[in-house]
Amino acid sequence: MSKLQVTLGELNNVDGSARLSVGSTKVVVSVTGPIEPKIRQELPTQASLEIIVRPSRGLSGTREKTLEDLLRLVLQAVIVRFKYPRQLIQIVVQFLASDLDKDESSSETGGRFNTGASYMTNELSAAINCCYFALADANVALHTSFAATSIAIDENNAPVFNAELPVLKKSLSHHTVCFDIQEKKASKILLVESNGAFSEEQLLSTIQSASVECERIHSEVQRLVLEKKIDADYIWSK
Amino acid sequence: MGKDAEISLNERNFVKEGLKNGFRLNGRSLDEMRRPIINIDKNEYGFVEVEFGKTKLAVRVSCEIVKPYEDRPFEGIFTISTEISPMASPMFENGKNSDDEVLISRFIEKAVSRSNALDLESLCIIAGEKVWHIRADVNYLSYDGGLIDATCIGVMTALQHFKKPDVTMKGTDIIVHDFDQRQPVPLIILHVPICITYSFFNPVDREENIKGDANLEIAIMDADRSEELVRDGFLVLTLNKNRELIQISKNGGLPIDGLALIELTQRAHDRCQELTEHIKALLQADEKERYKNMNLHLLEVGASR
Amino acid sequence: MSRLELYSPEGLRVDGRRWNELRRFDCKINTHPAFDGSSYVEQGNSKVICMVRGPMEPPMRSQVNQTQAVIEMNLNIASFSTLQRRKRSKNDKRMIEMKTTLERTFEQSVMSHLYPRTLIEVNVQVLAQDGAVLATMTNAITLALIDAGVAMYDYVSAVSVGIHDQTPLLDLNVLEENDMSCLTIGVVGKSEKLAMLLLEDKMPLDKLENALAVAIAGGHRIRDLMDDEVRSHGNQRVSKLTS
C-alpha cells in the first residue's frame, strides 16, 4: 500500500488548498468559496459547485470531464450545500503527475489520447482524497468525512491497492470506492466506479476491503493532518 | 479579468506614493528581482516546479511521435500551453482566455519557439513521416506577479532537463527504446532565452509625461501582484547571455524615453547572465546526482572496482 | 538568407532607397464622411483604412468605465492583402496581441478622462500588406482619431527599422522584413518617448541604440507628413466655411 503524503495550504490566492502524492500520482486541489457566482451558476437555495479538473499535460478532454462528473457526485453529497445559498464553491483539481506521464510507451502511441477515459482509478481516488483536505483547509462545512481508494484485481484474483499503470493494464478489473466516514467507521458508499469483468462476490469483497482501507486512511492520515491543522489554527488557546 | 482584479484606491495610492519615494511594499529595491527557487524532479525528466516569491508554477515537458506539418517535413513540432486556471487566482476565469492571458502565451511563444531555442530539425525521425512532438505544459498554481519571467525560466529549465527516448530505424519501422534499454537523449537547445519584465509607473500627471522633458517615470523589475495591478505600462525584454535581444514588447502603456529604455536593456542583460548561470548550476548539480545514483562512475576508466 | 541583395555595396536597397529613407507616405483624412472620423494611409504598398465612431454611449453595460473613455479596436486584415490568400481569424493570437497593443497605446495618448462613460470604436481595415503593418495601422488610427475630433495629447507615429549587418535600415518593406530582424516603434509627437516598442526577432543588444535613433527620427518625419495633411485638410474646411 503506498503512502499518502499531504501538505495543506501552500497556495496564497485561494481559500484552501492541499497537495497530495500517492504512488506516482501528484495532485493539487484548490478551493475558493463561498464566493459570488455568475448569474447562470446561481442556485436559490444552495451552493453551486464549479469543479475544474486539469491534466498534467495537454488540454483537458473527455477524461477530465468524466473525472469532474464523478467528483461532483461525491462532493455534492458531502458538502453542506444549504449552508451557502446563492454562493459558489470553486474547486480546481490540478494534476502534476499521473501514471500516464511515466508510461514510456505513451510516447509512441500518442499517449493519453489513446487511453480515453479508462485507467483513471488512481487519479480519481487521489483527487477525492485531496479534495477532502482542501475543503477542510478552506473551512467548508461537510456532512461527514470521506475517503476513497483504488483497488485492482490482478490475474490471480488478488486485490492490489493503488496499482501502478502496468499492473492496472494487466488486471481483470479495477474499482474506485469512496466511503463516507462517521464515528471513525466507514458507513455509506458514496461512489463505486468499476471497470472490467468481475463477479458479484468479487465486487462485494472488494468493497469490504475498501471500507477497511478507507478507515485506515481516515485514522492514519486524515485525523493526523487535521489535528495538526487545528493545533496550528487555535494556537492562542494554549 | 473578473473578480478580484480590482485593487482599492487606497492601496493603489499607497503603492504609488511608496514608489515615488523609492520604496516598494515588498522591501525590494527598484531593480531587484525575486530569486527563483527551481525544483527539478528527482525521478522524472523534464518536470520542474518554479517558485518566484509567492508565484508558483509547474512545467512538464513531454514528447510523442507524430506526422509533421506538410509544409515543414523536416522539422519536429514544439508547442507550449499556458492556460491559467482559477487556482492561480480567482481573477482568471476558466476556459476564458483574457487578453492578458493571450499576451502571456504570445510572449513565451516568441521568446522560446520563435527564437529557435529548441532545434526543431533534430526532432525529425523520418522526413515527412514521423517527427517528435515536444510539448511543454505550464500549470499555474499561484499568482503573485511575474508570470512571464517565471514561465520562461521554468520552460527553459525543463527543456534542458528533459530527455526523450532513443529511437532506431529498422527499415521503415522505428523502434522506441525505453529508458532501461538505451540511454535517453537530451534535446538540442541552441540558446537560453531569459525574460525580464519591467513595470512602469507615472509619478506625475499624464501631460507632464508626454510633454515634459523631466523623464520622471519609474521602472521597476519583477513586479508583484499589487504592483502589477497598479502599473501604467510594462515592457518585456527577452535576452540571452550572448548579448542578443530576442524580443522587446512594450504593448502600449505609459510612454517611456528611448534612452531610458536602452539603459533598462543593459541592466536586464546583467540579470540575464546571473539567471542563466543559476539555471546551469542547478542542472549540473542534478546531473551529478543522477550520475551518482546510477553508479555510472564504476564505468569510468581507472575507477577502483 | 535569400539571394536578394538587400543592401548593395553602393548603399542602395532593393527598392532603390538609401538606408534612412522612408517609403512613399500618403495619407488622407475624412475619407468616409459617414463616420465621425476616418483616414486612409499608404506606407509604401501597405494600405490601411481606419474609421472611428465616438465618443458615444456604449451599447453594452460591460463597456462602461466611470472614469474614462473605453477604446475598442476592431482589426480586420483582408484575405487578399498578401500574396497567399489566407483568412486570418479574429481570435488568432497575433491579432489579439495587435489589438491589445493598439488599445493600450491609444488609451495613453487620447485624453480619455475627458470622455467618461463613453466608447470610442475604432475599425481598422488592412487592404494590402507590404511590411510594417502595425506601424501603418497606428498611423491610420492617429489620423482617424484626429479627424473625429477626439482630444489627444499628441500624434502617435509609428515606423519600423531593421538591422542589416551593421547598418540600420528605415521603414522596411515586406522583402526586407522577412530577412532581417525588425523593430517597430510608436513615438509620441516630437518627443523621444516611446508608446510602443516591438521586436520579434534576434538583434544584437549593442545595435539597439543605433536602431532606435534612426527609428525615432523616422517617426518624427512621419509625424510631420501627417501634420501637413491634417493642416491642409483643416485649411480647406475653413476656407469652405468662410466663403
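Reading guide: rules and limits
- Numbers given for residues are sequential positions, taken from 1 along each chain in its written order.
- Chain A is the first chain written and ligand 1 is the first ligand written, with later ones labelled in order.
- The model is predicted, so local features are restricted to residues of pLDDT at least 70 and side-chain atom pairs to those at 80 or more, both for listing and for counting; the totals for chains, interfaces and linings are taken over all residues.
- Nonpolar cores are identified as sets of buried Ala, Val, Leu, Ile, Met, Phe, Trp, Tyr and Cys residues joined via C-beta atoms within 7 Å.
- Every C-beta atom is placed from the backbone, and the number of other C-beta atoms within 10 Å of a residue's own sets its class: buried at 20 or more, exposed at 12 or fewer, partly exposed in between.
- Runs of E in the DSSP output that reach at least two residues are strands. Runs of H or I that reach at least four are helices, and both are numbered from the N terminus.
- Once C-beta atoms have been placed from the backbone, residue pairs whose C-beta atoms lie within 7 Å are recorded as contacts.
- On a scale of 0 to 100, pLDDT captures the predictor's confidence in every residue.
- An axis is simply a line fitted to the C-alpha atoms; with a helix, the fit covers only the stretch in contact. Between two such axes, the angle follows the N-to-C directions and lies from 0 to 180 degrees.
- What sets the label is the angle itself: under 35 degrees gives roughly parallel, over 145 gives roughly antiparallel, 65 to 115 gives roughly perpendicular, and the rest give oblique.
- Note on convention: the crossing is left-handed when the near helix lies turned anticlockwise from the far helix by less than a right angle, right-handed when the turn is clockwise.
- Residues were grouped as follows: Ala, Val, Leu, Ile, Met, Phe, Trp, Tyr, Cys and Pro as nonpolar; Asp, Glu, Lys and Arg as charged; and all remaining residues, including Gly, as polar.
- Pairing between two strands is assigned when DSSP locates at least 2 bridges connecting them.
- Take the residue count of a helix, subtract one, and multiply by 1.5 Å to get its expected span.

*Asks:* Talk me through the nonpolar core; I want residue IDs and the actual numbers.
*Replies:* Counting residues in hydrophobic clusters, the biggest one holds 215 residues, and the most contacted among them are A:V29, A:C131 and B:V155. Of the residues forming this core, the biggest block, 11 residues, is contributed by helix α5 (residues 121-137) of chain A. Those residues within four positions of A:C131 in sequence are excluded, and the remaining contacts are A:V29, A:L71, A:L75 and A:I91.

*Asks:* Now, about the arrangement of the chains: what can you tell me, with residues and values included?
*Replies:* Of all two pairs of chains sharing an interface, the pair with the highest contact count is chains B and C. Across the gap from chain A to chain C, with no contact made, the nearest C-alpha atoms are 14 Å apart.

*Asks:* I'd like a rundown of the confidence of the model for chain A, residues and numbers included.
*Replies:* Taken over all residues, the pLDDT of chain A has a mean of 88, while the share at 70 or more is 92%. Below a pLDDT of 50 lies the segment residues 104-114 of chain A, which in the model reaches 21 contacts outside its immediate sequence neighbourhood of four places, other chains included.

*Asks:* Before we move on, could you go through the packing of helix α2 (residues 99-114) of chain B against helix α3 (residues 147-161) of chain B and cite the residues and values that matter?
*Replies:* Residues and elements named next belong to chain B. Look at α2 against α3: their axes get within 10 Å of each other, and the N-to-C directions meet at 40°. As judged from the angle between their axes, α2 and α3 are oblique. Classified by chirality, the crossing of α3 by α2 is right-handed. Residue-level inspection shows I104, F107, I108, A111 and V112 of α2 in contact with α3, the latter providing L147, I148, T151, C152, V155 and M156. Classifying every residue of the contact of α2 with α3 gives 10 nonpolar, one polar and no charged.

*Asks:* Before we move on, can you summarise the interface of chain C and chain B with the specific residues and values?
*Replies:* Taken residue by residue, the interface counts 32 residues in chain C and 32 residues in chain B. Of all the secondary-structure elements, those providing two or more residues to the side of chain C that touches chain B are α1 (93-109), β9 (193-199), β10 (203-204) and α4 (208-242) of chain C. Tallying contributions element by element places α1(C) first for the side of chain C that touches chain B, with 10 residues. Taken together, the residues of the side of chain C that touches chain B sort by class into 15 nonpolar, five polar and 12 charged. The sheet contact formed by strand β15 (residues 256-257) of chain B and β9(C) spans two bridges and is antiparallel.

*Asks:* Hey, could you go over the pairing of strand β1 (residues 37-40) of chain B for me, with residue numbers and the actual values?
*Replies:* All names here are of chain B. Going residue by residue along β1, you find I38 and I40 tucked away on one face and I37 and N39 left uncovered on the opposite face. Two elements, β1 and strand β2 (residues 47-52), share four bridges in a ladder whose sense is antiparallel. When the bridges of β2 are listed, I40 appears paired with V48. Where β1 folds back on β2, the antiparallel hairpin that results is connected by six residues, among which G46 adopts a positive phi of roughly 80°.

*Asks:* Please give an account of the confidence of the model for chain B that cites residues and values.
*Replies:* Taken residue by residue, chain B gives an average pLDDT of 88. The fraction at 70 or more is 95%. This prediction of the complex comes with two scores: 0.91 for pTM and 0.90 for ipTM.

*Asks:* Kindly report on the packing of α5(A) against helix α7 (residues 200-233) of chain A, identifying the contributing residues and their values.
*Replies:* Residue and element names in this part refer to chain A. Between α5 and α7, the least distance of the axes is 11 Å, while the angle of their chain directions is 25°. Overall, the two elements α5 and α7 adopt an arrangement that is roughly parallel. The chirality of how α5 crosses α7 is right-handed. Taking contact as the criterion, the partners of N129, Y132, F133, A136 and D137 in α5 are, on α7, I217, Q222, V225, L226 and K229. A per-class count over the contact of α5 with α7 returns six nonpolar, two polar and two charged.

*Asks:* Talk me through helix α1 (residues 9-20) of chain B; I want residue IDs and the actual numbers.
*Replies:* Compared with an ideal rise of 1.5 Å per residue, which puts 12 residues at 16 Å, α1(B) spans 16 Å between its outermost C-alpha atoms and is within 8% of the ideal. In the stretch just after α1(B), B:G22 is the one whose phi turns positive, near 85°.

*Asks:* Hey, could you go over the sheet that holds strand β5 (residues 119-128) of chain C for me, with residue numbers and the actual values?
*Replies:* Residue and element names in this part refer to chain C. As summarised here, the arrangement of the five strands in space is β1-β2-β3-β5-β4, forming an open sheet in which the pairing is mixed. At either margin of the open sheet sits one strand with a lone partner, and together these are β1 (25-29) and β4 (70-77). For this sheet, the mean angle separating the axes of adjacent strands, direction not counted, is 15°. Judged from the five bridges that link them, β1 and strand β2 (residues 37-43) form a sheet pairing that is antiparallel. Bridge assignment links K28 to a residue of β2, and that residue is Y40. Against the sheet, helix α2 (residues 133-147) contacts β1, β2, β3 (46-56) and β5, and its axis sits at roughly 150° relative to β2.

*Asks:* So what's going on with the interface of chain B and chain A? Residues and values would help.
*Replies:* The interface of chain B with chain A comprises 27 residues on the first partner and 26 residues on the second. Among the elements of the structure, β3 (55-66) and β6 (130-142) of chain B are those that each provide at least two residues to the side of chain B that touches chain A. In terms of residue count, the dominant contributor to the side of chain B that touches chain A is β3(B) (six residues). Looking at side-chain class alone, the side of chain B that touches chain A contains 13 nonpolar, seven polar and seven charged residues.

*Asks:* Please provide a residue-by-residue account of the environment of C:V110, values included.
*Replies:* Residue and element names in this part refer to chain C. Topologically, V110 is positioned in the loop between α1 and β5. Among the residues examined, V110 registers 22 C-beta atoms within 10 Å and is labelled buried. Residues V110 and A151, 41 residues apart in the sequence, show an inter-C-alpha distance of 6.0 Å. Residues within four places of V110 in sequence aside, it is in contact with A69, I71, L145, V150 and M152.

*Asks:* Help me get a handle on unusual backbone geometry, residues and values and all.
*Replies:* With omega at -5°, the peptide bond leading from A:G33 into A:P34 counts as cis. Structurally, A:P34 is set in strand β3 (residues 25-35). With an omega dihedral of 0°, the bond running from C:G54 to C:P55 counts as a cis peptide bond. In this fold, C:P55 is placed in strand β3. A positive phi is found at A:N162, a non-glycine position, where the angle reads about 45°. As for its placement among the helices and strands, A:N162 is situated in the loop between β7 (159-161) and α6 (165-170). On the neighbour-count criterion, A:N162 (24 C-beta atoms within 10 Å) is buried. In this model, C:R117 sits at a positive phi of 60°, which is unusual for a non-glycine residue. Topologically, C:R117 is positioned in the loop between α1 and β5.

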